[in-house]
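# Report on the structure
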Amino acid sequence: MSKFKFKIKCDEANHVCDKTQYEDASLWEKIILSLHLIYCRACRKYSKNNATLTETIAKSEIVCLEKSCKDAMKKDLDKAIREISN
């Protein structure tokens, strides 16, 4: 008997879809996902929405704070909380 599964459940297909979004899925997982998407309308919709989300985030011009800035803000917040508590 072959160790390869040709059918996967929807929750596993969604997990592989997420892995594909972050480029963590293996070639075999991508093939099995493609086969699953042929017959599963719900997972095709999930996959389409996932792709749209990925594209939207990639196009966004979000600027994140540097870690040092976040740490400084956290330190200031902790200090303010301590002052109010006393």
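Sequence order sets the numbering: in each chain, residues are counted from 1 along the sequence as written. Whole-chain, interface and lining totals are the exception, using all residues; otherwise, since this is a predicted model, local features are given only for residues with pLDDT of at least 70 and side-chain atom pairs are given and counted only at 80 or more. Hydrogen atoms and water are omitted, and side-chain values are computed over all heavy atoms in the structure.

### Things to note about the overall build of the protein chain
Going by this rule: Each helix is a run of H or I in the DSSP string that is no shorter than four residues. Each strand is a run of E no shorter than two, and both are numbered from the N terminus. In this treatment the radius of gyration is a C-alpha quantity, and the globule benchmark scales as 2.2 Å times the residue count to the 0.38 power. Summary of the burial criterion: residues with accessible area below 20% of their type's maximum are buried, those above 50% are exposed, and those between are partly exposed, where the area comes from a 1.4 Å probe applied to protein chains only. Contacts are residue-level and defined by heavy atoms, with any inter-residue pair within 4.5 Å sufficient. Residue burial considers only the protein chains on display, and all accessible areas are found by Shrake-Rupley using a 1.4 Å probe. His is not counted, nor are the chain ends; Lys and Arg add positive charge and Asp and Glu add negative charge. For the purpose of locating charges, the reference atoms are NZ of Lys, CZ of Arg, CG of Asp and CD of Glu.
The helix and strand inventory of the protein chain stands at four helices and zero strands. Start at the N end of the protein chain and walk to the C end: the helices and strands fall as α-α-α-α. Against the 2.2 N^0.38 benchmark of 12 Å for 86 residues, the protein chain shows a C-alpha radius of gyration of 21 Å, more extended than a compact globule. Summarising its shape, the C-alpha atoms of the protein chain cover approximately 70 × 35 × 20 Å along the three principal directions. Sorting the 86 residues of the protein chain into buried and exposed places 15% on the buried side. By sequence separation, contacts in the protein chain at least 24 residues apart represent 55% of the contacts at least 6 residues apart. Surface accessibility of the protein chain: about 7600 Å² in total, with carbon and sulfur atoms responsible for 60%. Once the 17 positive and 13 negative side-chain charges of the protein chain are each reduced to a mean point, those two points are 8 Å apart.

### Quick look at the packing of helix H1 (residues 10-21) against helix H3 (residues 41-59)
For clarity, the cut-off: Fitted lines through C-alpha atoms serve as axes, helices being fitted only where they are in contact, and the angles separating the N-to-C directions of these axes extend from 0 to 180 degrees. Roughly parallel covers angles under 35 degrees, roughly antiparallel covers those over 145, roughly perpendicular covers 65 to 115, and oblique covers all other angles. Note on convention: the crossing is left-handed when the near helix lies turned anticlockwise from the far helix by less than a right angle, right-handed when the turn is clockwise.
As a packed pair, H1 and H3 sit with axes 10 Å apart at the nearest point and diverge in direction by 20°. Taken as axis vectors, H1 and H3 run roughly parallel relative to one another. When the axes of H1 and H3 are compared, the crossing they make is right-handed. Two secondary-structure elements touch here, H1 through Cys10, Ala13, Asn14, Cys17, Asp18 and Gln21 and H3 through Cys43, Tyr46, Ser47, Asn50 and Thr54.

### Some remarks on the side chain of Ser47
Turning to its location among the elements, Ser47 is positioned in helix H3. Take Ser47: its relative accessible area is 18%, and that puts it in the buried class. Beyond its immediate stretch of four places on either side in the chain, Ser47 contacts Cys17 and Leu37.

### Thoughts on the nonpolar core
Heads up, the condition is: Joining through side-chain atoms within 4.5 Å is the link that ties buried Ala, Val, Leu, Ile, Met, Phe, Trp, Tyr and Cys residues into a set, and such a set is a nonpolar core.
Grouped together as the largest cluster of nonpolar side chains are ten residues: Ile8, Ala13, Val16, Cys17, Ala25, Ile32, Leu33, Leu37, Cys40 and Cys43. Mapped onto this core, the elements with two or more residues apiece are H1 and helix H2 (27-39). Setting aside residues no more than four positions away along its own chain, Cys43 makes contact with Cys10, Ala13, Asn14, His36 and Leu37.

### Quick look at H1
To keep it simple, the criterion reads: Under the convention used throughout, the expected extent of a helix is 1.5 Å for every residue step, that is, one less than its residue count. Each C-beta atom gives one direction from the helix axis, and the arc is the one those directions make.
Here H1 is twelve residues long and its end C-alpha atoms lie 16 Å apart, about the 16 Å a rise of 1.5 Å per residue gives. Residues of H1 that are buried: Ala13, Val16 and Cys17. Here the buried residues of H1 occupy an arc of 105° about the axis, which is enough to place them on one side. Tucked into the core, H1 has its buried residues touching H2 and H3.

Bear in mind that shape data such as this cannot, by itself, settle questions of function.
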